[in-house]
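# Structure at a glance
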Amino acid sequence: MQARRTVSTIEPGGSVHAAIQPLEKPIAAERQAARRHYGVHPYFTRRPFNVVRRYILQYSKEGDRVLDPFGGSGVTAIEAFLENRIGIQNDINPLANFIARGIVGLAEGTIEEYRDSLGALRNQCREKLNDIQRMDDTALATVRRILLLPPNVRLPSNADVERYHDLFSTRQLVSLAVLRQAVDNLPTGPSKQAMLIAWSATLTKLNKTFLSAEGRSESRGGSSIFSIYRYKIARRPIELPPWETFEERAKNVIAAKLEIDKTIEIKKRTEGWRGVFEEHAEDIAELKDRFRGQIDYIFTDPPYGGHISYLDLSTLWNVWLNQNPTKKAREMELIVGGELKHSEGRYIERLSDSIRDCVTMLKQGRWMSVVFQHWKVAYFDAILTSASHCGAELRAAISQVGDPIWSMHKKKRNESVLAGELILTFYKTGEPCRVHRNGDFDVSQSIGEILASNRTHIFGESLFNRVVLEAWNKSAIGALDISKTDFIEIVKKHGWHYDEKNHYWVRDTKSQQSLFN
Ligand SMILES: C[S@@+](CC[C@H](N)C(=O)[O-])C[C@H]1O[C@@H](n2cnc3c(N)ncnc32)[C@H](O)[C@@H]1O
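Now for the pairing of strand β9 (residues 422-428). In terms of residue burial, β9 counts as a mostly covered element, since 7 of its 7 residues are buried. Residues L422, L424, F426 and K428 of β9 are buried on one face, and the alternating residues I423, T425 and Y427, pointing to the opposite face, are buried as well. With 6 bridges joining them, strand β7 (residues 362-372) and β9 adopt antiparallel strand pairing. Bridge assignment links V370 to a residue of β9, and that residue is L424. With 7 bridges connecting them, strand β8 (residues 392-399) and β9 associate as antiparallel partners. Bridge assignment links A396 to a residue of β9, and that residue is T425.

Structure follows, in structure tokens:
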């Protein structure tokens with residue numbers, strides 16, 4: 001869906017950026033198609049790389065500075081880097097930067113060095129790890145005493161177990177420590193860093209939160225950290241073979257390197273290679289002072305309220321990688337709840353400030369895309385109102401629905417799950433615009449009108465996003481106060497029902513007549 005007007009010509013005194021036409025259609029997500037993002041190291045809410053890349057190509061030019069202030073695993077900065085831009089990654093979570101830096105680092109060193117490092121680890125560890133698999137408890141306890149283990153820190157209070165070491169069986173702890181020691185002993189260089197990423201990714205599978213997927217091989221599955229966003233111990237934890245688990249990860253890393261090398265090689269042979277990657281670990285308020293008026297494009301998805309406590313949940317990796325977030329980072333984390341029990345009021349205020357800071361960092365006449373999804377209209381209000389107040393005009397709003405992760409979440413629950421994001425794209429005019437937010441808005445009528453214009457079915461996400469935008473366009477976003485239960489009830493009252501199989505709303509055949517058609 002498109003919002004308000006589009007820029008179709010080069011504005012007087014404007015640049016090529018001003019002539020850019022906003023993207024108007026959703027882009028089918030290809031999450032698994034890039035080895036550099038899929039299979040190297042997991043992270044939360046990773047954006048589909050092909051969507052991010054398409055936005056970067058649309059809204060920025062070669063040599064431009066492309067920033068993601070809430071960069072996560074670095075998809076924005078990595079894709080910008082590979083597209084001959086200056087990709088700027090920022091995140092207060094050390095794990096996020098470790099992954100982003102690690103993936104970009106795969107552009108360094110030769111494939112032979114990587115294979116040699118894996119070979120050296122195989123020679124040193126495979127037999128040892130197989131022996132550990134056969135050890136009894138007494139032998140394991142003896143080995144454990146001589147190994148360097150991470151500090152046994154306290155876990156977040158909603159974890160099933162109290163301490164870090166309780167996340168592992170002794171066998172897992174010992175196996176991981178043996179592997180880690182061998183990685184640490186590799187000669188310093190890019191291939192050592194690559195093996196460290198593979199080791200860190202192995203941590204995800206060799207702990208008691210790992211659940212193997214039903215009906216598939218044991219190693220397929222995931223950790224509760226990613227499915228229910230807390231440290232839940234599996235009822236019947238399974239112990240995957242440590243060497244094979246690591247080797248699979250390391251091979252994924254090597255495949256990602258090959259892919260990155262090839263991408264860069266093609267650029268070198270065609271338009272030339274100028275990609276740059278920069279990394280920062282600051283709160284956006286500090287970042288703003290560093291990049292005031294210097295950024296050409298921002299693509300970002302800020303944390304969505306209280307769904308995921310990134311810092312708490314990254315403890316599994318950050319502790320053993322010896323890179324704990326600072327107290328300040330914890331205080332500055334943009335979430336509702338978490339161990340510091342941040343309030344919702346603070347979140348809304350900081351979300352609004354973050355958008356203001358993003359606009360401050362953008363050059364005049366440049367673009368910014370913000371990905372967001374939530375039932376709370378107040379969060380959308382914070383984003384849209386803040387952008388408008390600071391001189392950024394909403395030019396496009398696209399609902400992205402239907403990718404594989406989306407349907408996985410939908411399968412777990414039902415119509416009450418929102419799993420397709422809205423990508424809001426703004427253009428910095430530099431002319432602040434006061435927003436009227438409290439006009440009249442009849443939510444049932446709005447829903448009815450949207451439903452009437454859809455003949456057979458509609459995704460709940462698209463419908464909800466359209467209602468939010470409708471309220472925004474009618475200067476009434478402040479008056480739109482709707483819960484997910486109300487929303488579902490209203491849609492049903494209009495004669496539509498939820499199709500559990502296809503995860504969308506369908507017009508009842510009996511009541512072909514909705515209230516408004
Ligand atoms: C929705 S995730 C981004 C995921 C990313 N788009 C990707 O593809 O991997 C939001 C990120 O914001 C980070 N974050 C939270 N508060 C922050 C703050 N105050 N400053 C910078 N980053 C922050 C979190 O650590 C998390 O990685």
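There's plenty left to go through after this.
Next up on the list: helix α3 (residues 94-105). Its 12 residues give α3 an end-to-end C-alpha distance of 16 Å, which sits within 8% of 16 Å, the value for a rise of 1.5 Å per residue. Buried residues dominate α3, accounting for 10 of its 12 residues. P94, L95, A96, N97, F98, I99, A100, G102, I103 and V104 are the residues of α3 that are buried. Where α3 is buried, its residues contact α2 (75-82), β2 (86-90), α7 (190-205), α9 (242-269), β5 (276-280) and α12 (315-320).

Below, the discussion takes up the site of the ligand. Around the ligand, the surrounding shell holds 21 residues, and the nearest of these are F70, G72, S73, N93 and Y310. Residue composition of the shell around the ligand, by class: 10 nonpolar, 5 polar and 6 charged.

Attention now goes to the sheet that holds strand β11 (residues 496-499). Reading across from one edge, β10-β12-β11 is the order of the 3 strands in this open sheet, with antiparallel pairing throughout. Every interior strand has two partners, whereas the edge strands, β10 (457-458) and β11, have only one. In this structure, β10 lies alongside strand β12 (residues 504-507), joined through 2 bridges in antiparallel fashion. Its bridge partner being in β12, H457 is matched across the sheet by V506.

Looking now at the sheet that holds β8. The mixed open sheet is built from 7 strands, whose spatial order is β5-β2-β1-β6-β7-β9-β8. Strands with a single pairing partner mark the edges of an open sheet, and in this sheet they are β5 and β8. Between one strand and the next, the sheet's axes are offset by a mean angle of 20°, whatever the strand orientation. Docked against the sheet, helix α1 (residues 49-59) engages β1 (65-68), β6 (295-300) and β7, running at close to 155° with respect to β6.

Each domain of the chain was delimited in the assignment, giving domain 1 (111-247) and domain 2 (439-517). Centre-to-centre separation of domain 1 and domain 2, based on C-alpha positions: 47 Å.

Another aspect to go through is the nonpolar core. With 134 residues, the main nonpolar core has A198, M368, F372, I383, A387, L424 and V468 as its most contacted residues. Taken domain by domain, this core gets at least three of its residues from each of domain 1 (111-247) and domain 2 (439-517).

Basis of the calculations
Residues numbered from 1 in each chain as written. Predicted model: local features only at pLDDT ≥ 70, side-chain atom pairs only at ≥ 80, totals over all residues. Buried ≥ 20, exposed ≤ 12 C-beta atoms within 10 Å, placed from the backbone. Helix = DSSP H or I, 4+ residues; strand = E, 2+ residues; numbered from the N terminus. Pairing = 2+ DSSP bridges. Expected span 1.5 Å × (residues − 1). Contact = placed C-beta atoms within 7 Å. Near = placed C-beta within 6 Å. Nonpolar A, V, L, I, M, F, W, Y, C, P; charged D, E, K, R; others polar. Axes fitted to C-alpha atoms, helices over the stretch in contact; angles between N-to-C directions. Domains from an automatic or database assignment. Core = buried A, V, L, I, M, F, W, Y, C linked by C-beta atoms within 7 Å.

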